[in-house]
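Spelled out, the chains give:
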Amino acid sequence: MIETEKKRIFLYNTRTRSKEPFVSQGDCVSLYTCGPTVYNFAHIGNLRTFLFEDILKRTLLFNGLKVKHVMNITDVGHLVSDADTGDDKMETGAVREGKTVWDIAAFYTQAVMADFKKLNFIPADIYCKATDHIAEQINLIKTLEDKGYAYIIDDGVYFDTSKFSRYADFARLRIDELEAGARVEMVKGKRQVTDFALWKFSPKDKQRQMEWESPWGKGFPGWHIECSAMAMKHLGETPDIHCGGIDHIPVHHTNEIAQSEAATGKPFANFWLHGEFLVLEKEKMAKSGGNFIILKTLEERGIGPFVYRFFCLSAHYRAPLAFSWEAIQNAQQGYNSLVSKISELRNNPGLGFPTDVQPYEVEFQREINDDLNMPRAIAVLWKVLRSDALQNSQKLALAESFDRVFGLGLGQVSGTFVSDIPAELLQLLNERNQARKAKDWPLSDCLRDTILEKGYKIIDTATGAKLEKIT
Ligand code: AMP
Ligand code: ZN
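Given the structure is predicted, the values throughout are model-derived calculations rather than measurements. (Residues numbered from 1 in each chain as written. Chains lettered and ligands numbered in written order. Predicted model: local features only at pLDDT ≥ 70, side-chain atom pairs only at ≥ 80, totals over all residues. Heavy atoms only, no water.)

This next bit is on the sheet that holds strand β7 (residues 126-129). Read from one edge of the open sheet, five strands run β7-β6-β5-β12-β13, paired in parallel fashion. Each edge of the sheet is formed by a strand with only one pairing partner; in this case those strands are β7 and β13 (271-275). Averaged over all pairs of adjacent strands, the angle between strand axes in this sheet comes to 20°, irrespective of strand direction. One ladder, built from four bridges, connects strand β6 (residues 66-73) with β7; its direction is parallel. Considered in β7, the bridge of Val70 is made with Ile126. On the sheet, helix α1 (residues 44-62) packs against β5 (28-33), β6, β12 (241-245) and β13 and is oriented at approximately 155° with respect to β12. (Pairing = 2+ DSSP bridges. Helix = DSSP H or I, 4+ residues; strand = E, 2+ residues; numbered from the N terminus. Axes fitted to C-alpha atoms, helices over the stretch in contact; angles between N-to-C directions. Contact = heavy atoms within 4.5 Å.)

This is the structure:
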């Protein structure tokens with residue numbers, strides 16, 4: 001293994017429940033992120049998870065690593081219940097809208113891609129659809145069958161979790177509790193409550209829109225098998241990193257690990273990272289019910305995608321984030337201040353005195369490499385922007401460099417809507433700030449008087465000194 005050069009990156013690995021120094025197996029990090037199920041718009045909770053994954057990728061790139069990123073598009077087999085019962089979410093979407101499943105998949109895939117673009121995500125290298133990888137999924141199921149991990153019942157081909165002794169380890173599952181709680185919903189013939197479908201047979205009484213021939217009979221793949229088959233096809237048997245939301249830990253990723261590691265005998269991903277949920281009034285956000293907020297809902301209220309991005313960066317990805325209209329409006333104000341500060345700097349790049357920027361760069365990199373600590377990285381950005389010790393052009397360069405990770409579009413902020421305070425005055429203010437820092441009080445007072453003579457007063461605020469025109 002090649003340890004990442006220069007600065008070490010620490011990531012919290014769900015498998016070990018600890019922060020570990022990140023090491024990749026080669027010079028290109030292989031990253032698999034579980035993607036959207038395209039039966040409806042992505043809600044802002046889903047987007048929070050994808051955003052954390054974008055930040056992860058940007059952090060790896062910032063550290064000089066190459067990344068090969070694969071994201072799947074689930075367009076078949078994700079059932080309404082995690083217990084392999086209920087309808088396929090895609091088919092329910094089709095009924096709801098009176099369209100074909102294929103049209104639903106195409107429409108919502110295009111919609112989620114538009115959201116990704118608006119949120120300034122770096123596109124994945126490969127977006128792969130479950131329905132384009134049926135043969136790979138069938139082959140993987142055949143391997144599991146040959147190795148004795150699969151059994152066939154009326155409902156389909158199932159993975160026998162009792163044959164995989166480490167099944168409960170990843171999610172620290174208490175199987176006895178699951179057994180006590182879930183019998184009612186269990187598919188008839190399933191041997192253990194934790195067994196899961198690899199291949200489901202088409203119902204005998206109803207024609208499915210999506211179904212394929214297989215060695216076991218006509219049907220469709222179970223949800224989990226798609227990620228194992230596609231990750232292995234595009235990234236090899238052990239990708240460096242595999243991500244998703246925390247709800248994936250006990251079922252989806254537990255099952256992916258069982259079937260993949262049973263098939264290959266190798267670890268399925270070295271690092272497992274999970275994003276905490278966006279919550280709404282103490283509930284999780286779901287794609288059904290009144291708490292279904294999408295990017296467009298925000299835009300209709302005048303809240304742009306960069307503001308949502310900024311809002312998400314205010315919390316660590318492993319902490320729940322509570323959404324409320326008040327909280328997002330606060331984020332809007334925070335983002336506006338950031339943009340107007342950048343704009344002000346851009347209008348007066350020569351102001352201030354050049355100094356060594358390295359301590360700021362080091363601090364920033366330390367924060368992002370500490371398990372993607374965005375709230376602290378944002379604090380470093382503010383420290384730079386408010387510093388008395390840097391020239392404006394240096395502040396701008398640092399902000400643009402940090403924005404390679406934040407992705408807040410700071411590089412595109414123009415100098416057009418800045419204050420109308422003349423550059424000469426801003427320069428005087430800057431000099432007065434320097435004088436105060438050097439505790440040269442006479443000079444500081446003298447500069448304050450000069451500024452007053454020119455018709456401006458100095459207002460000292462928590463975020464630094466500002467000028468206001470005397471009217
Ligand atoms: P889905 O489209 O349902 O397959 O989910 C896409 C991603 O969103 C998965 O990684 C989920 O774990 C994640 N997710 C679902 N609900 C939330 C939520 N409320 N907050 C954050 N992530 C979520
Ligand atoms: Zn997955």
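Below, the discussion takes up the sheet that holds strand β9 (residues 156-159). The antiparallel open sheet is built from four strands, whose spatial order is β8-β9-β10-β11. In the strand order of this sheet, the two ends are held by β8 (150-153) and β11 (219-221), each with one partner. When the angles between neighbouring strand axes are averaged without regard to direction, this sheet yields 25°. Where β8 and β9 come together, four bridges link them in antiparallel fashion. Note on β9: the bridge partner recorded for Tyr151 is Tyr158. Helix α4 (residues 134-146) rests against β8, β9, β10 (196-201) and β11 of the sheet, and its axis sits at about 120° to β10.

Right, let's get into the packing of aromatic side chains. By the definition in use, this model includes 22 aromatic pairs. Ring geometry for Phe116 against Phe121: centres 5.1 Å apart, planes inclined by 40°, an arrangement best described as tilted. For the pair shown, Phe116 and Phe121 are each scored as buried. Aromatic side chains Phe306 and Tyr335 sit 6.3 Å apart centroid to centroid with 20° between the ring planes, which places their arrangement in the stacked category. (Phe/Tyr/Trp six-rings, centres within 6.5 Å; stacked < 30°, edge-to-face > 60°. Buried < 20%, exposed > 50% of the residue type's maximum accessible area, 1.4 Å probe, protein only.)

Glancing now at the coordination of the zinc ion (ligand 2). For the zinc ion (ligand 2), the protein coordination sphere consists of Cys34 (SG), Cys227 (SG), His252 (NE2) and Glu256 (OE), at 2.0 to 2.6 Å. Around the zinc ion (ligand 2), the four donor atoms are arranged such that angles at the metal cover 70 to 127°; this shape is classified as irregular. All donor residues of the zinc ion (ligand 2) come from one chain, and their arrangement in sequence is C-x192-C-x24-H-x3-E. Taken together, the residues Cys227 in helix α6 (residues 223-235) and His252 in helix α7 (residues 249-264) connect sequence positions 25 residues apart. Taken individually, Cys227 and His252 each receive the classification buried, so the pair is uniform in this respect. (Donors = N, O, S within 2.8 Å, 3.2 Å for Na, K, Ca; no water. Tetrahedral: all angles 85-135°; square planar, octahedral: opposite > 155°, others 65-115°.)

What follows covers the environment of Ala258. Residue placement: Ala258 occurs in helix α7. Sequence separation of Ala258 and Asp160 is 98 residues, and the distance between their C-alpha atoms is 9.6 Å. Those residues in contact with Ala258 that sit more than four places away from it in its chain are Phe159, Phe164 and Tyr167.

This part takes up the pattern of salt bridges. Applying the stated criterion to the full structure yields 27 salt bridges. Where Glu261 meets Arg166, a salt bridge forms, and the shortest distance between an N and an O atom there is 2.9 Å. Taken as a pair, Glu261 in helix α7 and Arg166 in the loop between β9 and α5 (175-182) lie far apart in primary sequence, 95 residues in all. What makes Glu261 buried here is its relative accessible area of 5%. You can call Arg166 partly exposed: its relative accessible area is 39%. Each member of the salt-bridge network shares a partner with another, and the members are Lys19, Glu367, Asp370 and Arg376. (Salt bridge = Lys/Arg side-chain N within 4 Å of Asp/Glu carboxyl O.)

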